Amino acid sequence: EYDVRAPLTVDASGFLTKISKEAGLKNPEPNRRGVAAAHIVRAPFYDQRELRVILEEGEMYRRVFPQGGDLIEMGAGVLPDAKIKPVAALNKRCK
């Protein structure tokens, strides 16, 4: 059991929204789904205290989540209502 106090908490557990469900929160739009991809990579100079989420043009996002040690998870996703093609957009930004 955890007591979380923060001005903003993000459930980044993906499609299953495990954290939100365990906290008793309900997804108001369970059928809205985007597309995302992520990879864990070594980044020895990345500050493990820093989490980054960048929203681009309201249609897609990029994120970097520290994993401990010298590992980070880098990801990108296309939001459900985006007018862009998900696979093309992710390929373009993940090169």
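If you're wondering where the values come from, they're calculated on a predicted model, not measured in any experiment. (Residues numbered from 1 in each chain as written. Predicted model: local features only at pLDDT ≥ 70, side-chain atom pairs only at ≥ 80, totals over all residues. Heavy atoms only, no water.)

Draft legend 1. Inspection of the environment of Gln67 at higher detail. The residue Gln67 is located in strand β3 (residues 60–68) in this model. Distance in space between the C-alpha atoms of Gln67 and Asp47 is 11 Å, their sequence separation being 20 residues. Discounting chain neighbours no more than four positions away, the residues touching Gln67 are Ile40, Gln48, Ile72 and Glu73. Within the local environment of Gln67, its side chain forms a polar contact with the backbone oxygen of Phe65, the two atoms lying 3.4 Å apart. (Helix = DSSP H or I, 4+ residues; strand = E, 2+ residues; numbered from the N terminus. Contact = heavy atoms within 4.5 Å. Polar contact = N/O pair within 3.5 Å; in protein donor to acceptor, adjacent residues only side chain to side chain.)

Draft legend 2. Representation of the pattern of salt bridges within the structure. Under the defined criterion, the tally for this structure stands at five salt bridges. Put simply, Glu50 and Arg52 hold a salt bridge, and the shortest N to O gap is 2.4 Å. With relative accessibility at 42%, the residue Arg52 sits in the partly exposed group. (Salt bridge = Lys/Arg side-chain N within 4 Å of Asp/Glu carboxyl O. Buried < 20%, exposed > 50% of the residue type's maximum accessible area, 1.4 Å probe, protein only.)

Draft legend 3. The sheet that holds strand β2 (residues 52–56), seen in detail. One open sheet holds the four strands; their spatial order is β1-β4-β3-β2, and the pairing between them is antiparallel. Each edge of the open sheet is held by one strand with a lone partner, namely β1 (35–42) and β2. Each adjacent strand pair in this sheet contributes to an overall mean axis angle of 15°, direction not counted. Bridge count for β3 against strand β4 (residues 71–78) is eight bridges, and the pairing is antiparallel. Within β4, the position partnered with Tyr61 by the bridge is Gly77. (Pairing = 2+ DSSP bridges. Axes fitted to C-alpha atoms, helices over the stretch in contact; angles between N-to-C directions.)

Draft legend 4. Structural context of the pairing of β2. In this sheet, β3 lies alongside β2 in antiparallel orientation, the contact comprising five bridges. Residue pairing across strands places Arg52 opposite Val64, the latter belonging to β3. What sits between the antiparallel neighbours β2 and β3 is a turn of three residues, in which Glu57 has the positive phi angle 55°.

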